[in-house]
Amino acid sequence: MKRVHAFNLTALLIAASLAGLTADPAVAVELELKQGDRIVFLGDSITAGGVREKGYVTLVSQAIARQHAGLGIEVIGAGISGNKVPDCQARLQRDVLDKKPTVVVIYIGINDVWHWSRNAGTPKGDFEKGLLDLIQRSREAGARVILCTPSVIGEKTDGSNPSDEMLDEYSAISRKVAEQTGVKLLDLRGKFLAHLKAHNQANEAKNVLTTDGVHLNDAGNRFVADCVLQSLGVASAADGQLLRHVVLFKFKDDITAEQTRAIVDAFAALPGKIDAIVDFEYGTDVSIEGKADGFTHGFLVSFRDVAGRAEYLPHPAHQEFVQLVGPQVDKVLVFDYWTRR
């Protein structure tokens with residue numbers, strides 16, 4: 001059950017200053033893990049890198065082992081650099097089905113688009129038929145399937161990455177296939193775009209979630225792991241920690257008490273509207289040190305993972321609140337951190 005209560009702002013600032021920082025949307029329906037599940041991740045170089053020490057496949061495996069040790073679940077990476085859908089079809093039996101998976105996670109599509117830059121991409125019809133083939137054969141082998149949309153080829157948020165339009169088209173095909181077949185969809189394309197919109201204000205082409213616009217950096221691996229874990233009904237890759245989102249307001253001098261109350265009430269109502277919020281606190285400054293610098297109201301919003309925050313920021317209820325508070329605020333301070341013990 002979510003907690004919504006007031007807190008001492010001074011204590012919040014002390015806790016935030018001592019907390020360590022971690023760099024930084026998941027599916028609505030959970031896939032229940034079962035005893036002896038064997039999860040195989042099929043993909044390209046992103047998945048090949050995912051089996052490294054800080055890779056997303058490794059993080060998923062570690063989180064499942066911590067939280068479901070008694071189920072004896074095995075996690076296997078089957079990514080090969082440069083692979084497209086036809087390559088995955090050709091090696092599905094050898095690299096996936098022969099391993100007797102009970103869950104197959106298909107994360108493919110980047111190279112099917114990217115390789116069109118050298119006229120070697122996958123035609124849309126072949127891409128769709130290939131995904132259908134991968135799903136059908138995996139199901140015939142007894143596996144449940146999670147189908148991911150391809151993520152990004154460039155992290156710019158203004159639509160100026162050269163492959164944006166085509167990548168959106170191929171992502172739409174993946175969504176269509178998931179709907180047609182009834183498999184679980186993990187819309188990484190949508191999740192990445194929402195996260196980048198909130199965290200790439202400089203419109204950089206890389207270094208937010210990727211090293212080069214495609215391949216995941218540490219933050220990107222954590223992000224993808226969190227999305228996958230949520231789709232599997234498992235808590236964050238962050239070892240049970242919570243992601244705290246601290247918001248401090250310095251209101252304009254002419255704000256009325258009624259306007260202030262309306263803002264506080266509207267913020268406090270968000271946990272009832274946005275499921276990603278798992279805890280919420282708020283309060284006013286009572287410090288005796290005189291260092292608040294005009295900030296009078298503080299709010300602490302908590303999420304289980306970066307995927308939860310990525311869902312929260314563009315959520316219509318949050319955006320409506322932003323429109324309400326914007327004209328009344330002189331300054332805003334936002335500070336995010338992972339809890340440490």
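Residues numbered from 1 in each chain as written. Predicted model: local features only at pLDDT ≥ 70, side-chain atom pairs only at ≥ 80, totals over all residues. Heavy atoms only, no water.

K.L.:
Run through the nonpolar core, naming residues and quoting values.
P.N.:
In this structure, Ile39, Ile64, Leu232, Phe249 and Phe267 are the most contacted members of the largest nonpolar core, which totals 91 residues. With seven residues, helix H9 (residues 218-231) is the single largest residue contributor to this core. Dropping the residues within four chain positions of it, Leu232 is found in contact with Leu31, Leu33, Ile39, Val60, Ile64 and Ile146. Counting five residues, the second-largest nonpolar core is a separate cluster that includes Val246, Leu248, Phe295 and Tyr337. (Core = buried A, V, L, I, M, F, W, Y, C linked by side-chain atoms within 4.5 Å. Buried < 20%, exposed > 50% of the residue type's maximum accessible area, 1.4 Å probe, protein only. Helix = DSSP H or I, 4+ residues; strand = E, 2+ residues; numbered from the N terminus. Contact = heavy atoms within 4.5 Å.)

K.L.:
An account of the pairing of strand S4 (residues 103-107) is requested, with residue identities and associated values reported.
P.N.:
The buried fraction of S4 is high, at five of five residues. Residues of S4 alternate between two faces, with Val103, Val105 and Tyr107 on one and Val104 and Ile106 on the opposite face, all of them buried. Where S4 meets strand S5 (residues 144-148), five bridges bridge the pair, whose relative direction is parallel. Residue pairing across strands places Val104 opposite Val145, the latter belonging to S5. (Pairing = 2+ DSSP bridges.)

K.L.:
Can you explain the environment of Pro123? Please cite residues and give values.
P.N.:
Relative to the helices and strands, Pro123 resides in the loop between helix H5 (110-114) and helix H6 (124-140). For Pro123, the residues in contact, after removing those within four places along its chain, are Trp116 and Tyr170.

K.L.:
How would you sum up the confidence of the model for the protein chain? Please name residues and give values.
P.N.:
On average, the protein chain scores 90 in pLDDT, and the residues at 70 or more come to 89%. Predicted confidence for residues 10-30 stays below pLDDT 50, and this span has 54 contacts to residues more than four positions away or in other chains. (pLDDT = per-residue confidence, 0-100.)

K.L.:
So what about the side chain of Ser45? Which residues, and what values?
P.N.:
On the secondary structure map, Ser45 appears in helix H2 (residues 45-50). According to the relative accessible area criterion, Ser45 is buried, its value standing at 16%. Beyond its immediate chain neighbours, meaning those up to four positions away, Ser45 contacts Ile80, Ser81, Gly82 and His215.

K.L.:
Hey, could you go over the pattern of salt bridges for me, with residue numbers and the actual values?
P.N.:
Working definition: two side chains of opposite charge can pair if their charged atoms are close together. The final tally for this structure, using the stated rule, is 15 salt bridges. We note a salt bridge from Lys176 to Glu128, for which the minimum N-O separation is 3.3 Å. Of this pair, Lys176 sits in helix H7 (residues 164-181) while Glu128 sits in helix H6; the two residues are 48 residues apart in sequence, bridging distant segments of the chain. We classify Lys176 as partly exposed; its relative accessible area is 39%. What makes Glu128 buried here is its relative accessible area of 19%. One salt bridge in this structure joins Asp330 and Lys250, with 3.7 Å as the shortest N-O distance. Residue Asp330 is located in strand S10 (residues 329-338), and its partner Lys250 is located in strand S7 (residues 243-251); the two are separated by 80 residues in the primary sequence. Judged by its relative accessible area of 44%, Asp330 is partly exposed. (Salt bridge = Lys/Arg side-chain N within 4 Å of Asp/Glu carboxyl O.)

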